[in-house]
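What follows is the residue order along each chain.
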Amino acid sequence: MALAAVAATLAAPRLHRATPHHPWYLLGAAGAMFLVGALLRPWSVERTGWQALLGDAFTVPGYLLMALSLAGLLLARSGIQRHALIDGLIVCVGAALATTLLLAMPAAAIDGRPQVVSVLAGLYPLFDVVLVLLLVSLAFTTTGRRPAYVLLLCGILLLLAGDLAYAIIGAAGHLTGGRIIDVPFLLSCTAIGAAALHPSVAGLSRAAAVPVQTWSARRLLVIVPAMVVPFALIPIVAHKGTVERIVLTAGGVAMVALLFARAVAAVRDYAAAQLRSEHQATHDPLTGLPNRLMLAREISRLLSTVPPAQTPSAEPAVWVLFLDLDGFKLVNDSWGHEAGDHLLVEVARRLRDTVPEPAMVARVGGDEFVVARLGTRQETVTLVERIMERLSAPVQVSSAEVVITPSIGVVGTTAGMAPVPAVAAVTAEALMRDADTAMYRAKSDGRGRWTEFDASMHERVRERVEIELALRQALATGQLHLAYQPIVELASGKLVGAEALIRWSDPVRGPISPAVFIPIAEDSGLIAAIGRWVLDETLRQVAAWRADELVGEDFWVSVNVSPRQLRDPTLPGKVSEALERWDVPQSSVVLEITESVMIDASTVTDQVLFDLRRLGVKMVVDDFGTGFSALGYLRRHPVTGVKIDRSFVDGLGTDAEDEEIVRAVVAMSTALKLTVVAEGVETPAQQDVLSALGVTVGQGHLWSVPVSAEEFTERWLVALAVVPESTQDAAGSS
Ligand code: C2E
Ligand code: MG
Ligand code: MG
């Protein structure tokens, strides 16, 4: 059986690809040692002198090899943890005390044979305990119980049983027992061999994440009995010799030392974990910079160091710089998130290099960084300019070099610069908000700029809030309505469609341009409700026109859709539902989206666009040419046409460059089978050039400004559409 077990363990690595190989070879070698030891033992116990030790000379190294084998498995799996090691030592000390005092020392006291042999016989169970401990540690690193593991554990427990039996008879004066006492060893060989042969053996050493170790009942079950041993042994040792008492005392001291080490380790680990989680909560994992939470604390701390009143600008003050990277989304979009991450790390590095300590550099959002420092205005301005310069140097991203400029908003607690509300105390939140506002201002002035906050920006913010409030009311009370602008065939002036444009006249402020309130509606999220209303109202109108037979099958209405609306995955469902409700065919609706939608597209937006297209509604890119106008975007997205921005139409007839641009757009659209509409056509000259360039459909003041539904019906449907058709009919029949 032992031979078979040795063969099995040596074969395991090849048979089941159990890697690493060495624990199995060590186990095989251990088995071979045991076998030789067992064969020599009956002979050697009869001898005296060194020969009496021959059996043990093989068995003891066998245990060592076996321990090394199990340690090898453990190391391959997860490494040995400090806690596990100390726990193991506690159990070992307990077991050592018990075996030494109860088995080894009584056996050694027996006369007529070498003491070493007796002592060893008493100590074998201790070796087994060490093996069991190693195996149990292995168990702590996994959750499931594999058959190979269970078999291995059984094998070693049987070994322990056999050795215990021998130790007990050894203490009573015998070195060999009846054959029955060898049965555990036979079974042990069988179990270990079977473990090596089972396919699950490959998983024993496979590296695994160590599950979080809590102070579990299982652990207590192993450790508590060991800790009780010294106390349990006191009455037994009390009437024995001095040596026994010294051993017990030494064991007790060792146990206390280990418990102490265990407590220290636990406290230290706890503190380390605490620090780690504190770091995680206050730092950005990507760049390692402090996050918003820590920044806010730091700004508050800085604020507490300067006088609460606004300081004159020559005095040191608290300064907050809010940075946002221009075009970061484009990098993410073109080269992937990994490249984006790389860029952010690089920007973080440059910022940290440029900004002198002790100023804090924090990352507060996707591509947003904040610098907080104490200093004079002059120093801060110099720093901002240095940051601008440093960040604008090209960055290697994937295979390309990109230039990323930051937009920076600056605010400080100085009197001249930042009239932060004198009434309220300046807070970290207020400073960050103001710096953010200034950054937005810098961005809207163009890329790569920096702006200092001033009170008029507050004014603007307040105005926005007021408009938002009024708009909410307007939507609820039906103050919004739609105007329609005809879209015509350039050559004939014949009506082909219309664009629905929202109008709002506030009772106090008078008419407000959608160019003003639509962005506010976008920011506040109100756009969803407004968009729903626009679509519904448009479809109601189209349905009414169709019912009155004022428009035909091929008449369509354009509806403007904001980027934010396209981020709502339920939009296609809502559009489909509205079409059904008003019984308007999909072909009668064109959605106008902006180029930015395609550039900043997320997976959600992409899905929404595709779902909309699948519904059968057409989609055109509004204000085409003002954004990135990349061919790739047009090809990747399911758009059906483009609307040339009026800034290009403006220059037609006078500006050769605009003409070239329109020509290029037409060529590209023809190639991609996209429709082209020119918007903002104001003069017959523009109309002529457009026609010559191959544009067939247009919209603009030349034909009509956007007008109310009633006026549109009067002027474009009742008066015109019907008449030419009847004359045509008449002409055809005559
Ligand atoms: P847009 O979609 O590009 O609409 C065309 C704008 O150009 C309209 O301005 C229209 O009145 C104006 N326009 C038309 N022909 C001419 C022309 O010949 N010359 C000049 N100078 N201008 C012309 P409007 O109505 O002020 O709308 C501004 C923008 O507001 C729209 O630009 C659109 O982006 C947005 N918008 C309007 N209605 C809605 C809406 O219902 N939903 C959404 N999300 N946005 C809307
Ligand atoms: Mg439009
Ligand atoms: Mg437009």
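Residues numbered from 1 in each chain as written. Chains lettered and ligands numbered in written order. Predicted model: local features only at pLDDT ≥ 70, side-chain atom pairs only at ≥ 80, totals over all residues. Heavy atoms only, no water.

As a further point, take the coordination of the magnesium ion (ligand 3). Listed as protein donors to the magnesium ion (ligand 3) are D622 (OD), D623 (OD), E679 (OE) and E679 (OE); their distances from the metal cover 1.9 to 2.7 Å. Each donor residue of the magnesium ion (ligand 3) lies on the same chain, and together they follow the pattern D-D-x55-E. Between the magnesium ion (ligand 3) and the magnesium ion (ligand 2), a separation of 4.1 Å is found, and both are coordinated by D622. With D623 in strand β13 (residues 618-624) and E679 in strand β15 (residues 675-679), the pair connects residues that are 56 residues apart, well separated along the chain. (Donors = N, O, S within 2.8 Å, 3.2 Å for Na, K, Ca; no water. Helix = DSSP H or I, 4+ residues; strand = E, 2+ residues; numbered from the N terminus.)

With that settled, consider the site of ligand 1. Every one of the 21 residues lining ligand 1 counts as a neighbour, but N560, D622, R646, E682 and H701 are closest to it. At 3.2 Å, a backbone N or O of I502 approaches a nitrogen atom of ligand 1. Interatomic distance of 2.7 Å between a side-chain N/O atom of D622 and an oxygen atom of ligand 1. Calculation on ligand 1 without its partners gives an accessible area of 790 Å², and the protein chains cover 83% of this total. Broken down by secondary-structure element, the contributors of at least two residues to the shell around ligand 1 are β9 (495-506), α16 (514-524) and β13. Sort the elements by how many residues they give to the shell around ligand 1 and β9 lands first, with 4 residues. Class assignment for the residues of the shell around ligand 1 results in 7 nonpolar, 6 polar and 8 charged. (Near = heavy atom within 4 Å. Polar contact = N/O pair within 3.5 Å; in protein donor to acceptor, adjacent residues only side chain to side chain. Areas by Shrake-Rupley, 256 points an atom, 1.4 Å probe, with all protein chains shown as cover. Nonpolar A, V, L, I, M, F, W, Y, C, P; charged D, E, K, R; others polar.)

As a general point, the strands of a sheet are linked pairwise by backbone hydrogen bonds and lie either parallel or antiparallel. An order of β2-β3-β1-β6-β7 is seen for the 5 strands of this open sheet, with the pairing classed as mixed. Bordering the open sheet on either side are β2 (360-365) and β7 (450-452), each of which pairs with just one other strand. In this sheet, adjacent strand axes meet at a mean angle of 20° when their direction is disregarded. Pairing geometry for strand β1 (residues 317-325) and strand β3 (residues 368-375), over 8 bridges, is antiparallel. Bridge pairing in β3 links A317 to G375. Set on the sheet, helix α12 (residues 337-354) makes contact with β1, β2 and β3; between it and β3 the angle comes to about 10°. (Pairing = 2+ DSSP bridges. Axes fitted to C-alpha atoms, helices over the stretch in contact; angles between N-to-C directions. Contact = heavy atoms within 4.5 Å.)

Let us look at empty space enclosed by the protein. Taken as a whole, this structure holds 5 cavities of 30 Å³ or more when the rule is applied. The wall of the largest cavity is formed by 13 residues, among which G531, R532, L535, Q565 and L571 lie closest to the centre. For the lining of the largest cavity, the element with the highest residue contribution is helix α17 (residues 527-547), accounting for 4 residues. Its residues assigned to classes, the lining of the largest cavity shows 7 nonpolar, 3 polar and 3 charged. (1 Å grid on protein atoms, 1.4 Å probe; cavity = no way out; pocket = protein on both sides within 12 Å on 5 of 7 lines; lining within 4 Å. Points joined across faces, edges and corners; volume = space filled by probe spheres on them.)

The subject of this paragraph is the coordination of the magnesium ion (ligand 2). Binding of the magnesium ion (ligand 2) to the protein goes through E499 (OE), N560 (OD1), E592 (OE) and D622 (OD), at separations of 1.9 to 2.2 Å. Along the chain, the residues donating to the magnesium ion (ligand 2) are arranged with the sequence spacing E-x60-N-x31-E-x29-D.

Residue placement: P225 occurs in helix α8 (residues 217-238). Assessed through its relative accessible area of 44%, P225 is described here as partly exposed. As a C-alpha pair, P225 and M255 span 30 residues in sequence and 12 Å in three-dimensional space. (Buried < 20%, exposed > 50% of the residue type's maximum accessible area, 1.4 Å probe, protein only.)

Attention now goes to the pattern of salt bridges. Applying the stated criterion across every chain, the model contains 30 salt bridges. A salt bridge links E278 to R297; the shortest N-O distance between them is 3.7 Å. In this pair, E278 is assigned in helix α9 (residues 242-282) and R297 in helix α10 (residues 292-305), connecting sequence segments 19 residues apart. We note a salt bridge from D353 to R349, for which the minimum N-O separation is 3.3 Å. Taken together, the residues D353 and R349, both in helix α12 and 4 residues apart, mark about one turn of the helix. Among the residues examined, D353 registers a relative accessible area of 49% and is labelled partly exposed. On the basis of relative accessible area, R349 is assigned to the partly exposed category, the value being 42%. (Salt bridge = Lys/Arg side-chain N within 4 Å of Asp/Glu carboxyl O.)

Honestly, that's just the spatial picture; any functional story needs more than this.
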